[in-house]
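Spelled out from the first residue to the last, the chains are:
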Amino acid sequence: MPAEDDRTVTEPTARDAISAPDAEGRPRRVTRRFPLFTRDTARPEGGGRAAPSDAPAPARQWPVLVVLTAVALGLLLTAVDVFRYGTLLVGAALLAGAALRWTLPGVGMLAVRSRFTDIVTYGVLGLAIVLLAMTAQPHPWLEIPFLKDTLHFTLTK
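Computed from a predicted structure; not experimentally measured.

K.L.:
Teacher, can you tell me more about a nonpolar patch on the surface here?
P.N.:
Together, Leu73, Leu76 and Val80 make up an exposed nonpolar region whose accessible area comes to about 280 Å². Looking at Leu73, the relative accessible area reads 45%, which means it is partly exposed.

In structure tokens, the structure reads:
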């Protein structure tokens, strides 16, 4: 039986070609099949740091911290029974996230998907939350005429 020192520890290797180029720039993928093991993932466009690398971690991730802080404050307002202002703040925070994602070249962890998908997702969700907060009962700030007719149409006997 061989001793523990005689064994060579090898890293598992992929049987399929890997898509990334090697050190000389030659593509290593020769087939259209996906590799057996995923070595890494691509960073989303704009997913770099929002501040220089020598800055402390919170400063490098300030866009996502701004959005999360505003959402947390909105949820706190909602929890203490200031529902309309709290949900408006949550929606505004998402809209601010969409604006930050659109204008800044690097937003750190605020970048989740492609720039277009992030902007559309943050924008649509933020706008929906703001509109729902403004039309919430009692005494809505925004009255949409066809909503009352839609409600009566769906609840008729």
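K.L.:
Any chance you could explain helix α2 (residues 62-79) here in plain terms?
P.N.:
For an α-helix the count is 3.6 residues per turn, leaving residues at separations of three or four pointing the same way. Between the first and last C-alpha of α2 there are 25 Å, a value that for 18 residues agrees with the 26 Å anticipated at 1.5 Å per step. Taken together, the buried residues of α2 touch α3 (83-103). Phi turns positive, to about 75 degrees, at Asp81, one or two residues after α2.

K.L.:
Would you mind going over the environment of Tyr85 with me for this structure?
P.N.:
Tracing the backbone through its elements, the reader meets Tyr85 in helix α3. Taking the C-alpha atoms as reference points, Tyr85 and Leu75, separated by 10 residues in sequence, lie 9.7 Å from one another. Apart from residues lying up to four places away in sequence, Tyr85 is in contact with Leu77 and Trp141.

K.L.:
I'm lost on the packing of α2 against α3 in this one. Help?
P.N.:
For the pair α2 and α3, the least separation of the axes is 7 Å and the interaxial angle reads 170 degrees. What the angle tells us is that α2 and α3 run roughly antiparallel. Note on packing geometry: the crossing formed by α2 with α3 is left-handed. Along its contact with α2, which presents Trp62, Pro63, Val67, Ala70, Val71, Leu73, Gly74, Leu75, Leu77 and Thr78, the element α3 presents Phe83, Tyr85, Gly86, Thr87, Leu89, Val90, Ala93, Gly97 and Leu100. Class assignment of the residues belonging to the contact of α2 with α3 gives a composition of 14 nonpolar, 5 polar and no charged.

K.L.:
Got a minute to help me understand the environment of Thr135 in this structure?
P.N.:
One can find Thr135 in the loop between α4 (115-134) and α5 (145-154). Note: C-alpha distance between Thr135 and Arg84 (51 residues apart in sequence) is 9.4 Å. Contact partners of Thr135, with chain neighbours within four places excluded, come to Pro140, Leu142 and Ile144.

K.L.:
Is there a simple way to think about the pattern of salt bridges in this case?
P.N.:
A side chain of one charge can pair with a side chain of the opposite charge if their charged atoms are brought near each other. A full pass over the atoms with the stated rule returns 2 salt bridges. The closest approach of N and O atoms between Asp118 and Arg101, which form a salt bridge, is 2.8 Å. Separated by 17 residues along the polypeptide, Asp118 in helix α4 and Arg101 in helix α3 bring together distant segments of the chain. You can call Asp118 buried: its relative accessible area is 0%. Residue classification places Arg101 among the buried residues on the basis of a relative accessible area of 0%. Measuring nitrogen to oxygen at the nearest pair gives 3.1 Å for the salt bridge that ties Arg113 to Asp118. Residue Arg113 is classed as partly exposed on the basis of its relative accessible area, which comes to 33%.

K.L.:
It is not clear to me how the packing of α3 against α4 should be interpreted in this structure. Could you clarify?
P.N.:
Between two packed helices, what matters for the description is the angle formed by their axes and the separation of those axes. Interaxial distance between α3 and α4 falls to 8 Å at its minimum, and their mutual angle equals 160 degrees. Comparing the axis directions of α3 and α4 gives the class roughly antiparallel. In this structure, α3 meets α4 at a crossing whose hand is left-handed. Together, Arg84, Thr87, Leu88, Val90, Gly91, Ala92, Leu94, Leu95, Gly97, Ala98, Arg101 and Trp102 of α3 and Arg115, Asp118, Ile119, Tyr122, Gly123, Leu125, Gly126, Leu127, Ile129, Val130, Ala133 and Met134 of α4 make up the contact between the two elements. Grouping the amino acids of the contact of α3 with α4 by side-chain chemistry returns 15 nonpolar, 5 polar and 4 charged.

Thresholds, definitions, all that
- Residues numbered from 1 in each chain as written.
- Predicted model: local features only at pLDDT ≥ 70, side-chain atom pairs only at ≥ 80, totals over all residues.
- Heavy atoms only, no water.
- Patch = residues over 30% accessible without salt bridge, like charges linked within 9 Å, V, L, I, M, F, W, Y side chains within 5 Å.
- Areas by Shrake-Rupley, 256 points an atom, 1.4 Å probe, with all protein chains shown as cover.
- Salt bridge = Lys/Arg side-chain N within 4 Å of Asp/Glu carboxyl O.
- Buried < 20%, exposed > 50% of the residue type's maximum accessible area, 1.4 Å probe, protein only.
- Helix = DSSP H or I, 4+ residues; strand = E, 2+ residues; numbered from the N terminus.
- Expected span 1.5 Å × (residues − 1).
- Contact = heavy atoms within 4.5 Å.
- Axes fitted to C-alpha atoms, helices over the stretch in contact; angles between N-to-C directions.
- Parallel < 35°, antiparallel > 145°, perpendicular 65-115°, else oblique.
- Left-handed = near helix turned anticlockwise from the far one by under 90°.
- Nonpolar A, V, L, I, M, F, W, Y, C, P; charged D, E, K, R; others polar.

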